[in-house]
Amino acid sequence: MTLTGRAAAAALAGIGVILIFRVLAAVVAVNAAILTMIAIDLLLAAPVSALRFTRTGDATVLLGGTARVQLEVRNAGRRMLRAGVRDAWRPSAGASPHSVSMRVPAGGQAAMTTSLTPQRRGDMQAAVVTVRSRGPFGLASRQRSRRVPWTIRVLPAFPSRRHLPAKLSQLQRLDGQHRALLRGPGSEFDSLREYVTGDDVRSIDWRATARRGDVTVRTWRPERDRRILMLLDTGRTSAGRVQGIPRLDASMDAVLLLTALATRAGDRVDFLAFDRQVRARVVGAQRPAVLAAVTNAMALIEPSLVETDAAALASVALTTARGRSLLVLLTDLNPAAIEQGLLPRLPLLTTRNRVLIGAVADPAVDEMAAGRAAADEVYDAAAAELARGERRRISMILQRSGAQVVDAPPAKLPGELADAYLGLKAAGRL
Amino acid sequence: MIGAPTTPHARRSPPTESSSGRVHLWRTWRGPLLVIAVVLLGSALVAFLQRSPAVTGPLDPRSTAPSGAHAIVDLLAARGQAVSRVDTAAAAVTQARGSSAVIVITDSAYLPDTALAALRHSPGNLLLIAPDAAALAELAPHIALAGPAGLRPVAAGCSLPAARLAGPVVLGGELLRPDAPGGWLCYPWRSPGSAGQPPVSLARYASGGRIITVLGTGAPFTNLYLAQQGDAALALNLLSTGHRIIWLVRPPGALPVPAGSPASSQSLIPPAATWIALELAIAVLLAAAWRIRRFGPLVAEPIPVPVRASETVRGHGRLYRERRARARAAVVLRQAVLARILPRLGLPYDAVPDTICQELAARTQRDESAIRAILFGSPPAGDAGLVALAGALDTLEGQVLTQ
């Protein structure tokens, strides 16, 4: 049970009665009346156990978006329900309104809609539904909580989606270019056509020329059906926040843009999230469903506070990558982690595959490196220069070992990684 | 990089520094503390600047209020009559010993019976101003109260020189009726149609070797009426019965004691107040019961610990600061600049200093030795030197990169 503000208000109103009569009997009478009304309220309030709840509504929402969940309350009891109903979610689910008041006649039903604007990724579970059923006087109510399960999956926001149209048009331009005579190891034979002045003489197909009696060249179409394996490092280095958001989330954004782009370009995309074990895995999904599958798989990934096992990562990558692939590894250029983890295993990966490494750079370090106002800032600048130098050195070592490195701040990483992919595709080096 | 349990989400948490907890605490509380300090200082200042509130009983020699007696006391002092202000009867009696004193009792209502008895036996003349019945019975038993009257100018109507010389005086307040003949009775209040002895405002008689004067109102002594009619004259004349004037005023905070039995504080509370307090308490309890129960259980939230990715770099910077590692910082800054300008100069990373300096001197038209001092010189001597070196490096880099 619980009282309402009216009980206290009734006691305050009782003071007026006592002022008029000024006897002890008035005090007794006032309080007896309040107690009786409370008892009647508790007795006559509609029982919460007789309520039936059903939920409908959104099951997924992008981070930053708003989902709506309806809660339907059916009153199977015999008394009128006058109640406050609270649909409780975690604070970060951003649920509103906090509670609603409703009147449901016996046998009737009512609904409340909760808007959720989650502030964090992951699965948001409905906690409990609490009902405060008031009695006829509204002085006291019965309160009970019931579990009405519902889960909303909050997907990564994919803010770099706005770059997608530009990258797709770049891709189409690439397509047109490819009809010309560029040729790479991954490009495929398209057709034979007559030689026109300006064509590369190296693309003349002499056998066809002999057969036709006319100078004929081969054309190539851009490579399709290449395999791309996205590797997302969820180890300790992904937990650090750059401009307020964890590196992991910035990396996810880049993975999503690249996945969207590569599926449109006709490549097959697989996805692995890994630290010491596989955290998420999307392998062999049908092309139209890949982006949704990757988004869905990423929703639940959180940074783990362990050192990424680079050896295990390399072996999982090699077993997952079927045939020649482009391996896109999203990690941090942390000197210790790279030198002792990834670097010794890189040759394993680069022998058959092309490796593209994406890393989230921290603009705060650049700001520190520019500090000159006081001696303290210059000391910070020296530390920042040291860190940047290390990062450059690691990046150079990786590139020397055959990997391509994209090191960019969160806002630019998705675009630059997509550009690197388009560059590889244009050069036919996938 | 420091690992910490963080959960990625889009909430932009402000970056926290573990070492600056105290700073954070200070920042949180300095506002309220400042407000409290200002309020305390301000009130202290006001308290100091304000003159201590005058103990402003009516007819107090210190009081400059309309009901005070500051003006008459000033006049007395100018005439050479010493006025000593006392606020207990015992003090008045003590001071009255000796020659020709007059005790002015301004407010007899608060005086307990013992004080009245002491005054009765004290030496010196008495001037009773607007006495109550108890004081009259003790100090001037021949005189009784005869009801109140409004203030207005009254003629002396007697042969007492003090009154006669003063002329009409604004009087009123309590009227007096002597029940025995003798002495002077001045300022009669004649009402048409009434016969016999009219009530008066001033009575003076001698008893036991002292002159006892009773005045029905303090008006002639107050600052307000002193300048009106003959009030000042009357007041001064009445006080001329002694050289030393002992001015007995109401003690600070004294309440007039009611005539009846002393009342307990509880008897002052109306009976309904107890019931109302009880009902208020019940209302408070009901309100507490209303607010005490939460609308459903608390929902737990796993809170991520935000760690800045740049935390290690910042820590490194703080270490440099701590140790004042100028030499190390200078080396790092120089190497960073070299790493950026060498590709621009078309020189390999392992180029020797001589080559680099010559090339730079040629490009920037600067003195080669100056360039050498910037890029390969000795470590800076102080923090200022380090800042200057950083600036010089920036300038050099800018000259190369903008070419």
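Reading the values: rules and limits
Residues numbered from 1 in each chain as written. Chains lettered and ligands numbered in written order. Predicted model: local features only at pLDDT ≥ 70, side-chain atom pairs only at ≥ 80, totals over all residues. Heavy atoms only, no water. Axes fitted to C-alpha atoms, helices over the stretch in contact; angles between N-to-C directions. Helix = DSSP H or I, 4+ residues; strand = E, 2+ residues; numbered from the N terminus. Parallel < 35°, antiparallel > 145°, perpendicular 65-115°, else oblique. Contact = heavy atoms within 4.5 Å. Nonpolar A, V, L, I, M, F, W, Y, C, P; charged D, E, K, R; others polar. Salt bridge = Lys/Arg side-chain N within 4 Å of Asp/Glu carboxyl O. Buried < 20%, exposed > 50% of the residue type's maximum accessible area, 1.4 Å probe, protein only. Buried area = accessible area lost by both parts, 1.4 Å probe. Polar contact = N/O pair within 3.5 Å; in protein donor to acceptor, adjacent residues only side chain to side chain. Domains from an automatic or database assignment. Disulfide = S-S within 2.5 Å. 1 Å grid on protein atoms, 1.4 Å probe; cavity = no way out; pocket = protein on both sides within 12 Å on 5 of 7 lines; lining within 4 Å. Points joined across faces, edges and corners; volume = space filled by probe spheres on them.

1. Thoughts on the packing of helix α3 (residues 89-96) of chain B against helix α4 (residues 113-120) of chain B
Residue and element names in this part refer to chain B.
At step 1: Where α3 meets α4, the axes come as close as 9 Å, and the angle between the chain directions of the two elements is 10°. On the basis of their axis angle, the class for α3 and α4 is roughly parallel. Contact residues: α3 offers Ala 89, Ala 92 and Val 93, while α4 offers Ala 115, Ala 118 and Leu 119.
At step 2: Split into classes, the residues belonging to the contact of α3 with α4 amount to 6 nonpolar, no polar and no charged.

2. So, the pattern of salt bridges
At step 1: This structure, assessed with the given rule, holds 32 salt bridges over all chains.
At step 2: Between Arg 276 of chain A and Asp 309 of chain A there is a salt bridge, with the nearest N and O atoms lying 3.9 Å from each other. You can see Arg 276 of chain A sitting in the loop between β18 (268-274) and β19 (278-282) and its partner Asp 309 of chain A sitting in the loop between α6 (290-299) and α7 (310-320), a full 33 residues away along the chain.
At step 3: The salt bridge involving Arg 340 of chain B is made with Glu 385 of chain A; its shortest N-O contact spans 3.2 Å. In this pair, Arg 340 of chain B sits in helix α10 (residues 326-345) while Glu 385 of chain A sits in helix α10 (residues 375-400), so the two residues belong to two different chains.
At step 4: For Glu 385 of chain A, a relative accessible area of 3% puts it in the buried group.

3. Brief notes about the interface of chain B and chain A
At step 1: Listed per partner, the contact involves 62 residues of chain B and 79 residues of chain A.
At step 2: Carbon and sulfur atoms make up 64% of the area that chain B and chain A hide from each other, which totals about 5,800 Å².
At step 3: Viewed at the interface, chain A and chain B are joined by 6 salt bridges.
At step 4: Taking the shortest distance from any N to any O, the salt bridge between Arg 120 of chain A and Glu 301 of chain B comes out at 2.7 Å.
At step 5: In this structure, the connection of chain B to chain A is made through 17 residue pairs in polar contact (both at pLDDT 80 or more).

4. Overview of unusual backbone geometry
At step 1: A cis amide bond links Ser 96 of chain A to the next residue, Pro 97 of chain A, at an omega of 0°.
At step 2: Among the structural elements, Pro 97 of chain A can be located in the loop between β6 (95-96) and β7 (100-104).
At step 3: Phi at Phe 158 of chain A takes a positive value of approximately 55°, unusual for a residue other than glycine.
At step 4: Within the secondary structure layout, Phe 158 of chain A lies in the loop between β12 (151-155) and α3 (164-178).
At step 5: Its relative accessible area of 9% is what places Phe 158 of chain A among the buried residues.
At step 6: Located in the positive-phi region is Ala 130 of chain B, a residue other than glycine, with phi close to 40°.
At step 7: When you line up the elements, Ala 130 of chain B lands in the loop between β3 (125-129) and α5 (133-139).

5. Here we look at the domain arrangement of chain B
At step 1: Domain parsing of chain B yields domain 1 (70-190 + 197-248) and domain 2 (314-401).
At step 2: Placing the centre of domain 1 of chain B and that of domain 2 of chain B at their C-alpha centroids yields a distance of 101 Å.

6. Quick word on the state of the cysteines
Residues and elements named next belong to chain B.
At step 1: The tally for this structure, following the rule as stated, stands at 1 disulfide over all chains.
At step 2: A sulfur-sulfur separation of 1.9 Å characterises the disulfide bridge that pairs Cys 158 with Cys 186. The S-S bond linking Cys 158 to Cys 186 shows a torsion near 85°; that makes this disulfide right-handed. Taken together, the residues Cys 158 in the loop between β4 (143-154) and α6 (161-166) and Cys 186 in strand β6 (residues 184-188) connect sequence positions 28 residues apart. Just as Cys 158 is buried, Cys 186 falls in that class too.

7. What to know about the domain arrangement of chain A
Residues and elements named next belong to chain A.
At step 1: Along its sequence, chain A is carved into domain 1 (1-155) and domain 2 (227-426).
At step 2: On a C-alpha basis, the centres of domain 1 and domain 2 stand 49 Å from each other.
At step 3: Each side of the interface is counted separately: domain 1 has 6 residues, and domain 2 has 10 residues.
At step 4: When domain 1 packs against domain 2, the two sides together hide about 630 Å² of surface, and 48% of this comes from carbon and sulfur.
At step 5: When the area that domain 1 buries against domain 2 is broken down by residue, the three leading residues are Arg 121, Arg 153 and Leu 155, summing to 80%.
At step 6: Close ionic contact of Arg 121 with Asp 249 constitutes a salt bridge, the shortest N to O distance being 3.1 Å.
At step 7: Scanning the region where domain 1 abuts domain 2 turns up 6 residue pairs in polar contact (both at pLDDT 80 or more).
At step 8: Among the secondary structure elements, those contributing two or more residues to the side of domain 1 that touches domain 2 are β9 (122-125) and β12.
At step 9: Counting residues per element, the side of domain 1 that touches domain 2 draws most heavily on β12, at 3 residues.
At step 10: Here the residues of the side of domain 1 that touches domain 2 sort into 2 nonpolar, 1 polar and 3 charged.

8. Description of the layout of surface pockets
At step 1: What the largest pocket holds in volume is close to 630 Å³.
At step 2: Along the wall of the largest pocket there are 27 residues; nearest its centre are Val 365, Ala 387, Arg 388 and Arg 391 of chain A together with Val 313 of chain B.
At step 3: Among the elements of the structure, α8 (335-350), α9 (363-369) and α10 of chain A together with α9 (311-323) of chain B are those that each provide at least two residues to the lining of the largest pocket.
At step 4: Per element, the largest residue contribution to the lining of the largest pocket is 7 residues, and it comes from α10 of chain A.
At step 5: When grouped by side-chain class, the residues that make up the lining of the largest pocket number 13 nonpolar, 4 polar and 10 charged.

9. Observations regarding the side chain of Asp 270 of chain A
At step 1: Structurally, Asp 270 of chain A is set in strand β18.
At step 2: Here the side chain of Asp 270 of chain A touches Gly 284 of chain A through a polar contact of 2.9 Å, landing on its backbone nitrogen.

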